[in-house]
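If you want the building blocks of each chain, they are given just below.
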Amino acid sequence: MPAGMKPLEKFLKKQTTALSRAGGFGDKATGTGASRRRASLSRVVGLPFFRETSPESGPAREVFSPDTEEAPCWPSATADIRSPSLSSDEQSSEASLDTNWTPLPPDTPDNLAQALLDSVAGKRFGNCTEILLDDFMLTHPIFLASDKFQQFLLQQFSPEGPSGEGWPGWEGSERKQAVLSVAFRYLDTYRELLQEEGERSNSFPKDLYLCAVQELSQYPELVEDVLKLQRWTEILHNPTEEEKECRKKQVRPLFRHFRRIDACLQPREAFRGSDEIFCRVYTPDHSYVTIRSRLSCRVGEILALVKEKLQYSEDQPVQPGNLVLVAVTSAGEKAVFRPSDEAVFTTLGVNTHLFACEPSELETLMPLPEEIHWSPGDSKLHDMSAEEVANQLVVFDWELFSCVHEVEFVCYVFHGEQSRWRPLNLELILQRCSEVQHWVATEILQCQSLPKRVQLLRKFIKIAALCKQQQDLLSFLAVVLGLDNPAVSRLRLTWEGLPGKFRKQFQQFESTADPSRNHKSYRDLMASLRPPLIPFTPLLLKDLTFLHESCKTFHGELVNFEKMHKVAEMVRTIRRYRSSQLAVEAEPSPSHLQTKAYVRQLQVIDNQNLLFEMSCKLEPKDM
């Protein structure tokens with residue numbers, strides 16, 4: 001389990017209490033996606049959060065076990081199992097779109113792919129076919145590996161491909177045009193991810209292109225599609241000079257683990273596994289080496305780089321032996337990575353650092369001194385306007401949210417660390433959520449002056465209101481949760497100094513964060529908003545996880561495609577949130593760059609024990 005992913009404690013407190021009595025999921029790993037990255041979400045939103053129970057809703061839905069012998073009761077096409085992520089208006093929109101859509105019955109992956117081609121050949125991108133095509137593209141990695149899907153398309157296109165059975169009335173050009181239509185949709189959906197993989201995936205459009213060229217003499221109507229395939233081959237095989245130059249310069253710090261102000265001021269771009277980053281790896285004595293590594297690098301490769309650096313270090317009197325890579329949180333928790341683990345950088349928590357040590361030194365590892373000691377002082381926030389800080393929070397959140405490929409949501413929940421495509425950017429936005437929450441608590445608890453603490457409370461409530469006004473629900477709820485942190489909420493004298501108007505406003509914000517009745521207040525708020533907006537990402541993942549765990553994906557070799565349709569509905573909801581560009585209208589002030597750098601490099605304490613200790617020093621328990 002990746003270390004350092006802190007829970008959103010107060011957000012889940014009411015629900016967790018009830019769920020602990022109800023029983024939760026138990027100790028057993030559930031479903032296909034029980035893995036390291038899935039576990040990291042439970043550290044953010046809490047595993048019991050995935051199971052809903054309340055007096056109004058009755059008993060919690062049971063989770064199907066993969067070992068169950070009884071066939072699952074898959075929902076019928078008419079059953080109301082709409083995504084809890086969708087607002088009532090969005091559900092109505094989806095319902096009208098689906099009026100004539102007939103869900104595919106449970107079938108094998110190959111037969112589902114065949115049915116997709118039948119539909120495309122029969123009605124080229126009609127309303128129902130478009131829904132089916134989008135469902136299949138977004139969810140096929142769950143039940144049909146991309147390599148196998150590519151091979152299937154090649155076999156269906158080739159002259160020796162299957163004919164007759166499964167293709168009644170769709171011979172010749174109709175069949176080939178259907179295959180090409182599906183292939184183009186696949187390439188368009190996964191373009192960035194396929195570019196990242198290089199030769200592993202780039203051979204597919206080339207092989208399909210060569211097959212299509214051979215068919216031109218017999219089917220001249222394919223000429224436009226063949227030219228389009230040629231362009232796709234060039235796009236995936238030959239990146240432009242601008243892209244090549246951009247990749248050469250992509251040696252970037254990863255959030256806060258290696259600070260460079262000039263880099264943090266640049267617009268955020270999506271991370272790819274091949275991107276090179278700087279990262280510090282510490283030794284037990286807290287000295288460190290700085291390595292330059294690919295983001296998707298295996299732990300074994302990271303250790304080889306560290307070992308090479310240590311061999312030439314003057315501070316290393318003894319040659320390093322057999323090393324292990326360990327993540328150490330500010331609370332002292334440790335997680336040892338396996339040599340085969342990949343892309344571990346994005347799984348690190350806010351103040352979690354990588355250590356390289358020999359196995360015998362594991363127990364001696366301690367958090368860095370700056371993570372366990374704190375010094376009181378005035379916050380820089382006093383000199384910044386709430387409007388400017390809120391604007392910078394919204395801009396940065398939108399950059400992070402826009403970087404997340406929609407397929408990352410599916411990969412995170414259903415595949416975790418076994419996913420072909422790593423949800424790197426999604427993990428960073430989850431880290432940001434935790435970071436903003438702890439930033440609020442840190443700023444307030446470091447302030448020794450009571451009047452100034454009250455001023456900070458007012459400013460944070462105003463920042464939350466402005467984020468909500470600009471439809472950034474990620475920072476809005478993160479700020480509210482930070483103010484609701486037990487170490488902050490216990491400061492009675494501080495809260496009593498808050499004017500009544502602000503107390504009433506914060507109570508309204510707390511009701512929005514209330515998880516009762518399946519987060520009804522939050523969902524009602526979402527229903528009142530129109531794109532573009534930034535949702536509270538952990539709740540999106542919680543909804544996807546609930547859908548995944550509440551119904552089987554497979555029974556034997558048959559795929560529950562109705563479930564795939566519901567997963568795709570949720571992803572389309574996320575797509576709608578980003579259907580237009582979010583614009584923040586603000587006049588840049590002289591301190592604009594200073595505020596921007598501050599917001600993008602927040603200094604936080606994420607050790608809850610330390611935060612509570614700071615709180616008790618400000619207002620002792622007997623006051």
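The structure this text deals with has already been given above.
Bear in mind that the values here come from a model prediction, so they are computed numbers and not experimental data.

## Considerations on the packing of helix α19 (residues 473-483) against helix α22 (residues 500-512)
(1) Moving on: Close contact between α19 and α22 brings their axes to 10 Å; oriented N to C, the two are set at 110 degrees. Classified by the angle their axes make, α19 and α22 are roughly perpendicular. In this structure, α19 crosses over α22, and the sense of that crossing is left-handed. Between α19 and α22, the contacting residues are Phe476, Val480 and Leu483 on the first element and Phe506, Phe509, Glu510 and Thr512 on the second.
(2) Moving on: A class-by-class count of the residues in the contact of α19 with α22 yields five nonpolar, one polar and one charged.

## Points about the packing of helix α7 (residues 173-189) against helix α10 (residues 223-237)
(1) Moving on: Between α7 and α10, whose axes approach to 11 Å, the crossing angle comes to 25 degrees. It follows from the interaxial angle that α7 and α10 lie roughly parallel. Note that α7 runs across α10; the crossing there is left-handed. Here Gln177, Leu180, Phe184, Leu187 and Asp188 of α7 lie close against α10, whose contacting residues are Asp225, Lys228, Leu229, Trp232 and Leu236.
(2) Moving on: Within the contact of α7 with α10, the residues separate by chemical class into six nonpolar, one polar and three charged.

## So, the packing of aromatic side chains
(1) Moving on: Under the defined criterion, the tally for this structure stands at 15 aromatic pairs.
(2) Moving on: Ring centres of Trp398 and Phe401 lie 6.2 Å apart, and the angle between their planes is 65 degrees; this geometry places the pair in the edge-to-face category. Taken as a pair, Trp398 and Phe401 lie in helix α15 (residues 386-403) at a separation of three residues, close to a single helical turn. Accessibility classification places Trp398 together with Phe401 in one group, the buried group.
(3) Moving on: Each residue in the set Phe136, Phe143, Phe149, Tyr186, Tyr190, Phe204, Trp421 and Phe561 is aromatic and connected to the rest through ring pairs, giving one cluster.

## Quick notes on the nonpolar core
(1) Moving on: Grouped together as the largest cluster of nonpolar side chains are 131 residues, with contacts concentrated most on Phe136, Trp439 and Leu483.
(2) Moving on: Dropping the residues within four chain positions of it, Phe136 is found in contact with Leu112, Ala113, Leu116, Phe143, Leu144, Phe149 and Phe561.
(3) Moving on: Among the nonpolar cores identified, the runner-up in size contains 25 residues, and Val299, Leu323, Phe337 and Leu428 belong to it.

## Describing the pairing of strand β6 (residues 353-357)
(1) Moving on: Across the five residues that make up β6, a large majority, five, are buried.
(2) Moving on: Burial of β6 is two-sided: the residues His353, Phe355 and Cys357 facing one way and the residues Leu354 and Ala356 facing the other way are all buried.
(3) Moving on: Taken together, the two bridges between strand β2 (residues 276-282) and β6 define a ladder with parallel strand orientation. When the bridges of β6 are listed, Val281 appears paired with Leu354.
(4) Moving on: Note that strand β4 (residues 324-328) and β6 share five bridges and pair antiparallel.

## With respect to the pairing of strand β3 (residues 288-294)
(1) Moving on: Only one face of β3 is buried, namely the one carrying Val289, Ile291 and Ser293, since none of Tyr288, Thr290, Arg292 and Arg294 on the opposite face is buried.
(2) Moving on: Where β2 and β3 come together, seven bridges link them in antiparallel fashion. Paired with Cys279 across the strands is Ile291, a residue of β3.
(3) Moving on: Here β2 hands over to β3 after five residues, with His286 in that stretch at a positive phi of 75 degrees.

## Description of α22
Since there are 3.6 residues in each turn of an α-helix, residues three or four apart along the chain are aligned in direction.
(1) Moving on: Relative to the 18 Å expected for 13 residues at 1.5 Å per residue, α22 spans 19 Å between its end C-alpha atoms, a close match to the ideal helical length.
(2) Moving on: Burial in α22 covers these residues: Phe502, Phe506, Phe509 and Thr512. For α22, the arc enclosing every buried residue in end-on projection is 100 degrees, short of the 170-degree limit, so these residues lie on one face. Counted as exposed and oriented over 90 degrees from the buried face of α22: Lys504 and Gln507.
(3) Moving on: Contacts made by the buried residues of α22 are with α18 (450-469), α19, α21 (492-496) and α23 (516-527).

## Looking at unusual backbone geometry
(1) Moving on: For the bond running from Pro531 to Pro532, omega is 0 degrees, close enough to zero to count as cis.
(2) Moving on: Looking at the element boundaries, Pro532 is found in the loop between α23 and α24 (537-550).
(3) Moving on: Positioned with a positive phi, Ala343 is a non-glycine residue whose angle comes to about 50 degrees.
(4) Moving on: Relative to the helices and strands, Ala343 is located in the loop between β5 (334-336) and β6.
(5) Moving on: On the accessibility criterion, Ala343 (1% relative accessible area) is buried.

## Some remarks on the pattern of salt bridges
(1) Moving on: Under the counting rule described, the total for this entry stands at 23 salt bridges.
(2) Moving on: Residue Arg453 is joined to Glu619 by a salt bridge in which the shortest nitrogen-to-oxygen separation is 3.6 Å. Residue Arg453 is found in helix α18, and its partner Glu619 is found in the segment after α27 (608-618); the two are separated by 166 residues along the sequence. Here Arg453 and Glu619 have matching classes, each one buried.
(3) Moving on: When salt bridges with common partners are traced through the structure, they connect Glu130, Asp134, Asp135, Arg185, Glu406, Arg572 and Arg575 into a single cluster.

Rules behind the numbers
Residues numbered from 1 in each chain as written. Predicted model: local features only at pLDDT ≥ 70, side-chain atom pairs only at ≥ 80, totals over all residues. Heavy atoms only, no water. Axes fitted to C-alpha atoms, helices over the stretch in contact; angles between N-to-C directions. Helix = DSSP H or I, 4+ residues; strand = E, 2+ residues; numbered from the N terminus. Parallel < 35°, antiparallel > 145°, perpendicular 65-115°, else oblique. Left-handed = near helix turned anticlockwise from the far one by under 90°. Contact = heavy atoms within 4.5 Å. Nonpolar A, V, L, I, M, F, W, Y, C, P; charged D, E, K, R; others polar. Phe/Tyr/Trp six-rings, centres within 6.5 Å; stacked < 30°, edge-to-face > 60°. Buried < 20%, exposed > 50% of the residue type's maximum accessible area, 1.4 Å probe, protein only. Core = buried A, V, L, I, M, F, W, Y, C linked by side-chain atoms within 4.5 Å. Pairing = 2+ DSSP bridges. Expected span 1.5 Å × (residues − 1). Arc of directions from axis to C-beta. Salt bridge = Lys/Arg side-chain N within 4 Å of Asp/Glu carboxyl O.

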